[in-house]
Amino acid sequence: MSSIVSTHDLPADWRDLFALTKPRVMTLVVFTGLCGLLAAPVPMHPVLAFTAVLCIAVGAGGAGALNMWYEADLDAKMKRTAGRPLPGGRLKPETAFQFAVGLCLGSVVLMDLAANHLAAAILAFSIFFYAVIYTAWLKRRTPQNIVIGGAAGAFPPLIGWVAATGRVEVLPVLLFSLIFLWTPPHFWALSLFVKSDYANAGVPMLPVTHGVVNTRRQIALYTVPMVAVAVAPWPLGLTGAIYGVVASVLSAVFMVLSLRVLANKATDPAAMGPEKTLFKFSILYLFALFGALVVDRFL
């Protein structure tokens, strides 16, 4: 009898299960959800607030796991994702699916118990949107996948706010819109310097289907309404000067960086410094804006 054991016969390692939840992406999801909750005008009991944020994290992790389960074939074709648990052969597909569904259902039920029906419903819809509308329907069919799919990552601050207040208001809708408009420049900047990965996997990202020049133009075009939405809460009287000044300064920097991307003519990823800078700054930008929102709320 052979002593060789298939990796699929081994128990699932917790680190591989955790990797399925896309922890780096979840960090931003949890932070924006927490900020939405803290910025709400209605205080929430600390235990219930922690539970609500936990539900946002677990729901996002479950949606991310469903994404990895469904896209295992694509991940195997791209250098930056080939080492993930499923294409790496460290998890059975059925294990990943069961884990993902358990996280999704558990997060929605617990949110309903800890917060309110509306927050649970929006959380459930956000999971459905990411796993079905974006992952299963849009991503392989249209270069607008990121534009429409960006809504999935825009829900956390709205969910956090609704968990605390039980209602949808103007400020959380603006926060939703901010992330929705931020997503295309953020991901298109990345897709420009990893274009070959998407092309090899057959994913119709904008640089693959419409070229580098058009993608750079779209980044600049989407930055304009994103900046307007980011600054809007201040003149509308929904936030104070702390948030307003931070949003204005950081948005001006974002605009300058997007124009540098637009002016860049390079097609070699090694020469795409402006794109890499914009991608890195875009992450800092969102963290800083939502952090300023909370500071402004309490000061």
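About the cut-offs
- Residues numbered from 1 in each chain as written.
- Predicted model: local features only at pLDDT ≥ 70, side-chain atom pairs only at ≥ 80, totals over all residues.
- Heavy atoms only, no water.
- Phe/Tyr/Trp six-rings, centres within 6.5 Å; stacked < 30°, edge-to-face > 60°.
- Helix = DSSP H or I, 4+ residues; strand = E, 2+ residues; numbered from the N terminus.
- Buried < 20%, exposed > 50% of the residue type's maximum accessible area, 1.4 Å probe, protein only.
- Lys NZ or Arg CZ within 6 Å of the ring centre and 35° of its normal.
- Patch = residues over 30% accessible without salt bridge, like charges linked within 9 Å, V, L, I, M, F, W, Y side chains within 5 Å.
- Areas by Shrake-Rupley, 256 points an atom, 1.4 Å probe, with all protein chains shown as cover.
- Salt bridge = Lys/Arg side-chain N within 4 Å of Asp/Glu carboxyl O.

What follows deals with the packing of aromatic side chains. The tally for this structure, following the rule as stated, stands at 14 aromatic pairs. Taking 5.8 Å as the distance between ring centres and 85° as the angle between the ring planes, the aromatic pair formed by Phe125 and Phe155 counts as edge-to-face. Linking Phe125 in helix 6 (residues 117-138) with Phe155 in helix 7 (residues 145-165), this pair joins segments that are 30 residues apart in sequence. The class of Phe125 is partly exposed, set by a relative accessible area of 42%. By the ring-pair criterion, three or more aromatic residues cluster together here, those being Phe125, Phe128, Phe129, Phe155, Phe176 and Phe180. Cation over ring: Lys276 sits above Phe193, and NZ or CZ is 5.8 Å from the ring centre. The residue whose ring lies beneath Arg297 is Phe298, and the NZ or CZ to ring-centre distance is 5.5 Å.

This brings us to a nonpolar patch on the surface. On the surface, Phe50, Leu54, Val109, Leu110 and Leu113 cluster together into a nonpolar patch covering about 510 Å² of accessible area. Taken together, the elements giving at least two residues each to the nonpolar patch come down to helix 3 (46-70) and helix 5 (93-114). Sort the elements by how many residues they give to the nonpolar patch and helix 5 lands first, with three residues. With respect to the helices and strands, the residue Leu113 is situated in helix 5.

Any functional reading would require information beyond the geometric quantities listed.
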